[in-house]
Amino acid sequence: MNTGKLDPARIPAHIAMVMDGNGRWAKEKGMPRVAGHNAGMQSLKEIVKRCSVLGVKHLTVYAFSTENWKRPQEEVGGIFKLLVLYINSELKELCENNVKVSVLGEIDRLPDEAVQKLQEALEATKDNDGMEFHIALNYGGRREILLSVQKLAKLAAEGKIDPESITEADLEAGLFTAGFPDPDLLIRTGGEKRLSNFLLWQGAYSELVFTDTWWPDFTPDCLEDAIIEYQSRDRRYGGLTAEKRGTK
Ligand code: IPE
Ligand code: IPE
Ligand code: MG
């Protein structure tokens, strides 16, 4: 438990979350894994609301990775059914809270019903200018970088760009996250201390917060604790501390 106080003036502009631990939460309770995902969805509802209230501009959640297809079909199907239920129950409130939904990843591989629901959410919220809520689905950081590189390689092969002049900004423009800031704070619940192929490019200077709390137990107060932890960090970006720069 963090004893510091949240500074409302320094809320991270972009928070990214690896929502991990649903399966182990369920196992501990003798329940099927899908029950864990269901409980995780309830957590997500509350976290989205709190982020929006706190004034977070971008929230990105890792909901399904390019590697998660390795799981039993029943679990995969259950996760996408829950996604449909989530949109059904939350879309009205997301609109009322001026939240704009977007998707990161190649969603054409998802079940039709999930794709349709996502499109409905994207369409219904497209003019909202409050928090941007990005859901990473069939997302993989390596795949994302590869797709961007392929687009650039094609342009180079066609003689439209000079390979020598390709910049980081050009590569970034081909990522799913094009146009929004890198995550300031990346939180992973569930005890594992790894990125699992999430935001590999964008996370270069993210502050990482790992917590043992299973995702279904991760409350808005836990989120605030993670932000307090973030606010205590000294982000140097390879430079010097604020003190040594003479700005503090
Ligand atoms: C994260 O929880 C949700 C998804 C990957 C979809 P897990 O299902 O990975 O839960 P654990 O890690 O097995 O506990
Ligand atoms: C990462 O969790 C993916 C999501 C939370 C969607 P995993 O449970 O798939 O990651 P690993 O297998 O522990 O690395
Ligand atoms: Mg996991």
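Residues numbered from 1 in each chain as written. Chains lettered and ligands numbered in written order. Predicted model: local features only at pLDDT ≥ 70, side-chain atom pairs only at ≥ 80, totals over all residues. Heavy atoms only, no water.

Peer 1: I keep staring at the site of ligand 2 and nothing clicks. Help me out?
Peer 2: In the neighbourhood of ligand 2, the contacting residues comprise Val18, Met19, Asp20, Tyr62, Ala63, Phe64, Asn68, Arg71, Arg188, Arg194 and Ser196. Within the side chain of Asn68, one N or O atom sits 2.9 Å away from an oxygen atom of ligand 2. Taking Arg71, its side chain carries an N or O atom lying 3.2 Å from an oxygen atom of ligand 2. In the complex, the protein chains occlude 78% of the 390 Å² of accessible area that ligand 2 would expose alone. When residues in the shell around ligand 2 are grouped by element, the largest group, three residues, is from strand β2 (residues 58-65). Of the residues belonging to the shell around ligand 2, the class tally is five nonpolar, two polar and four charged. (Near = heavy atom within 4 Å. Polar contact = N/O pair within 3.5 Å; in protein donor to acceptor, adjacent residues only side chain to side chain. Areas by Shrake-Rupley, 256 points an atom, 1.4 Å probe, with all protein chains shown as cover. Helix = DSSP H or I, 4+ residues; strand = E, 2+ residues; numbered from the N terminus. Nonpolar A, V, L, I, M, F, W, Y, C, P; charged D, E, K, R; others polar.)

Peer 1: How should I be thinking about helix α2 (residues 33-54) in this particular structure?
Peer 2: In this model, α2 (22 residues) spans 31 Å end to end at C-alpha, consistent with the 32 Å of a helix rising 1.5 Å per residue. After α2 finishes, the residue Gly55 shows a positive phi value of roughly 90°. (Expected span 1.5 Å × (residues − 1).)

Peer 1: Which parts of the structure should I look at to understand the packing of α2 against helix α3 (residues 73-96)?
Peer 2: Packed helix pairs are specified by the crossing angle of their axes together with the interaxial distance, meaning the distance between the axes. Look at α2 against α3: their axes get within 10 Å of each other, and the N-to-C directions meet at 25°. Put simply, α2 runs roughly parallel to α3. Relative to α3, α2 is oriented so that their crossing is right-handed. Of the residues in α3, those in contact with Arg33, Val34, His37, Asn38, Met41, Leu44, Lys45, Val48 and Lys49 of α2 are Glu74, Glu75, Ile79, Leu82, Leu85, Tyr86, Ser89, Glu90, Glu93 and Leu94. By residue class, the composition of the contact of α2 with α3 is nine nonpolar, three polar and seven charged. (Axes fitted to C-alpha atoms, helices over the stretch in contact; angles between N-to-C directions. Parallel < 35°, antiparallel > 145°, perpendicular 65-115°, else oblique. Left-handed = near helix turned anticlockwise from the far one by under 90°. Contact = heavy atoms within 4.5 Å.)

Peer 1: Hey, could you run me through unusual backbone geometry in this one?
Peer 2: Working note: non-glycine residues mostly have negative phi, and peptide bonds are mostly trans. For Asn138, which is not a glycine, the phi torsion comes out positive at approximately 45°. Residue placement: Asn138 occurs in strand β4 (residues 132-139). You can call Asn138 buried: its relative accessible area is 6%. (Buried < 20%, exposed > 50% of the residue type's maximum accessible area, 1.4 Å probe, protein only.)

Peer 1: Is there a simple way to explain the site of ligand 1 in this structure?
Peer 2: Around ligand 1, the surrounding shell holds 13 residues, and the nearest of these are Asp20, Gly23, Arg24, Arg33 and Arg71. Arg33 places a polar side-chain atom, nitrogen or oxygen, 2.8 Å from an oxygen atom of ligand 1. Between Arg71 and ligand 1, the recorded distance is 2.7 Å, taken from a side-chain N or O atom to an oxygen atom. Compared with its free state, where it exposes 370 Å², ligand 1 has 87% of that area covered by protein.

Peer 1: What's the story with the packing of α3 against helix α4 (residues 112-125) in this structure? I'm lost.
Peer 2: Where α3 meets α4, the closest approach of the two axes is 9 Å, and the angle between their N-to-C directions is 15°. Relative to α4, the element α3 is oriented roughly parallel. Considering how the two elements wind past one another, α3 and α4 form a crossing that is left-handed. Contacts between α3 and α4 involve Phe80, Leu83, Val84, Ile87, Asn88, Leu91 and Cys95 from the first element and Glu113, Ala114, Lys117, Leu118, Glu120, Ala121, Ala124 and Thr125 from the second. For the contact of α3 with α4, the class distribution of residues is 10 nonpolar, two polar and three charged.

Peer 1: Would you mind going over the pattern of salt bridges with me for this structure?
Peer 2: If charged atoms from side chains of opposite charge come close, those side chains can pair. Per the counting criterion, the structure on display carries 24 salt bridges. A salt bridge links Glu90 to Lys45; its shortest N-O distance comes to 3.9 Å. Of the two residues, Glu90 is situated in helix α3 and Lys45 in helix α2; the sequence distance between them amounts to 45 residues. Residue class for Lys45 comes out buried when judged on its relative accessible area of 13%. (Salt bridge = Lys/Arg side-chain N within 4 Å of Asp/Glu carboxyl O.)

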